[in-house]
Amino acid sequence: MTHTDTSSAEQQFGAQVREAREMRGWSQEALARHLRDAAGIDLHQTAVARLERGERTIRFNEVTALAKLLGLDLHSYSAGIPQLTPEEYAEAKERLPQLVKEEWAARDTMAELSEQYDAKRREAERSVSRLKDQRKRLQAAIQAYEERRSAARARDIQPYEDGRSG
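Residues numbered from 1 in each chain as written. Predicted model: local features only at pLDDT ≥ 70, side-chain atom pairs only at ≥ 80, totals over all residues. Heavy atoms only, no water.

Engineer: I tried to follow the overall build of the protein chain on my own but got confused; where do I start?
Structural biologist: Regarding its fold elements, the protein chain presents five helices and zero strands. Put simply, the protein chain runs from its N terminus to its C terminus through helices and strands in the order α-α-α-α-α. Relative to its 166 residues, the protein chain shows a buried fraction of 19%. For the protein chain, the share of sequence-separated contacts (at least 6 apart) that also reach a separation of at least 24 residues comes to 53%. Carbon and sulfur atoms make up 52% of the accessible area of the protein chain, which amounts to about 13100 Å² in all. (Helix = DSSP H or I, 4+ residues; strand = E, 2+ residues; numbered from the N terminus. Buried < 20%, exposed > 50% of the residue type's maximum accessible area, 1.4 Å probe, protein only. Contact = heavy atoms within 4.5 Å. Areas by Shrake-Rupley, 256 points an atom, 1.4 Å probe, with all protein chains shown as cover.)

Engineer: Is there a simple way to explain the confidence of the model for the protein chain in this structure?
Structural biologist: Segments scoring low in pLDDT should not have their predicted coordinates read at a detailed level. Mean pLDDT over the protein chain stands at 86; residues scoring 70 or higher make up 86%. Contacts from residues 1-6, a stretch scored under 50 in pLDDT, to residues over four places away or in other chains number nine contacts. (pLDDT = per-residue confidence, 0-100.)

Engineer: Teacher, can you tell me more about the packing of helix α1 (residues 9-24) against helix α4 (residues 60-70) here?
Structural biologist: Each pair of packed helices can be summarised by the angle the axes make with each other and by the distance between the axes. Put simply, α1 and α4 touch, their axes get as near as 10 Å, and they point 30° apart. If you check the angle between α1 and α4, you find them roughly parallel. The crossing of α1 and α4 is left-handed. Along its contact with α1, which presents Phe13, Val17, Ala20, Arg21 and Arg24, the element α4 presents Val63, Leu66, Leu69 and Leu70. (Axes fitted to C-alpha atoms, helices over the stretch in contact; angles between N-to-C directions. Parallel < 35°, antiparallel > 145°, perpendicular 65-115°, else oblique. Left-handed = near helix turned anticlockwise from the far one by under 90°.)

Engineer: Mind showing me how you'd approach a negative patch on the surface here?
Structural biologist: Taken together, the side chains of Glu87, Glu88, Glu91 and Glu94 present a region of like negative charge at the surface. A relative accessible area of 37% places Glu88 in the partly exposed class. (Patch = residues over 30% accessible without salt bridge, like charges linked within 9 Å, V, L, I, M, F, W, Y side chains within 5 Å. Salt bridge = Lys/Arg side-chain N within 4 Å of Asp/Glu carboxyl O. Lys, Arg positive; Asp, Glu negative; His and termini not counted. Charge placed at Lys NZ, Arg CZ, Asp CG, Glu CD.)

Engineer: I'm lost on the packing of aromatic side chains in this one. Help?
Structural biologist: Think of a pair of aromatic rings as described by two things: how far the centres are apart, and how the planes are tilted against each other in angle. The final tally for this structure, using the stated rule, is zero aromatic pairs. The ring of Trp26 has Arg24 sitting right over it, with the charged end atom 5.9 Å from the ring centre. When the ring centre of Trp104 is taken as reference, the NZ or CZ atom of Arg107 above it lies at 4.9 Å. (Phe/Tyr/Trp six-rings, centres within 6.5 Å; stacked < 30°, edge-to-face > 60°. Lys NZ or Arg CZ within 6 Å of the ring centre and 35° of its normal.)

Engineer: Before we go on, may I ask you to explain a nonpolar patch on the surface in this structure?
Structural biologist: Together, Leu96, Leu99, Val100 and Trp104 make up a nonpolar patch on the protein surface, roughly 380 Å² of accessible area in all. For Leu99, a relative accessible area of 40% puts it in the partly exposed group.

Engineer: Looking at this structure, how should I read the side chain of Arg21?
Structural biologist: Position of Arg21 relative to the elements: it lies in helix α1. In contact with Arg21, not counting residues within four places along its chain, are Trp26, Ser27, Gln28, Leu31, Glu52 and Leu70.

Engineer: Even after reading the chapter, I still don't get the environment of Leu72, so can you show me in this structure?
Structural biologist: Mapped onto the elements, Leu72 comes out in the loop between α4 and α5 (86-156). The spacing of Leu72 and Gln16 is 56 residues in sequence and 7.6 Å in space, taken between C-alpha atoms. Beyond its immediate chain neighbours, meaning those up to four positions away, Leu72 contacts Phe13, Gln16, Val17, Ala20, Leu66 and Ala67.

Engineer: How should the packing of helix α2 (residues 28-39) against helix α3 (residues 45-52) be read in this particular structure?
Structural biologist: Closest axis-to-axis distance for the α2/α3 pair is 8 Å, and the angle between their directions is 105°. In this view, α2 runs roughly perpendicular relative to α3, as classed from their interaxial angle. When α2 is examined against α3, the residues Gln28, Glu29, Leu31 and Ala32 are found in contact with a partner set consisting of Gln45, Val48, Ala49 and Glu52. Among the residues forming the contact of α2 with α3, the class breakdown is four nonpolar, two polar and two charged. (Nonpolar A, V, L, I, M, F, W, Y, C, P; charged D, E, K, R; others polar.)

Engineer: What is the right way to look at the nonpolar core in this model?
Structural biologist: For soluble globular proteins, nonpolar side chains are generally found buried alongside one another. Among the nonpolar cores identified, the biggest contains 20 residues, and Phe13, Val17, Leu31, Leu43, Leu66, Leu70 and Leu72 are the most heavily contacted of them. Taken together, the elements giving at least two residues each to this core come down to α1, α2, α3 and α4. Not counting residues up to four positions away in its chain, the partners in contact with Val17 are Leu31, Leu51, Glu52, Leu66, Leu70 and Leu72. (Core = buried A, V, L, I, M, F, W, Y, C linked by side-chain atoms within 4.5 Å.)

Engineer: When you look at α5 in this model, what are you seeing that I'm missing?
Structural biologist: Residue pairs spaced three or four apart in an α-helix point in one direction, given the helix's 3.6 residues per turn. Over its 71 residues, α5 runs 103 Å from end to end, which matches the ideal 105 Å to within 8%, given 1.5 Å per residue. Its axis deflected by about 30° at Arg95, α5 carries its strongest bend there, up to four residues before the proline Pro97. (Expected span 1.5 Å × (residues − 1). Bend = angle between axes of the 7 residues up to and from the residue.)

Pasting the structure below:
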């Protein structure tokens, strides 16, 4: 079976399982039954279907049991791991601690930035709250002023008892 680089390992393995199952003339239910009998792994037919479509995470014990049951070659899945010469191995062993150090420095930077972001966010939230309080007080003052002014106008234009207006 040819594996494409565009599909995930789960999709590739699922396609390989489906192909091997169909070559044996087994239904998904039959595969589930054989897997249960041979390895004690209990998968429902729907789980087998999702596994074959690459929509279900495959546990290592399931991979090994399916590979053994169906005679699948798992070496093709390690093709992406580089094979090192002794010199490359020595260089890799030497470079690894530096990469780890750089990774943790990047993680520390992310943590610092996250803390700075959180602090700035809290500061902005306090500003929004302060401004909101100021706005509410100002709106209340404006409303009180307008109500007093309206009440004063109403007093000024009240009719006299003799029918004249003020």
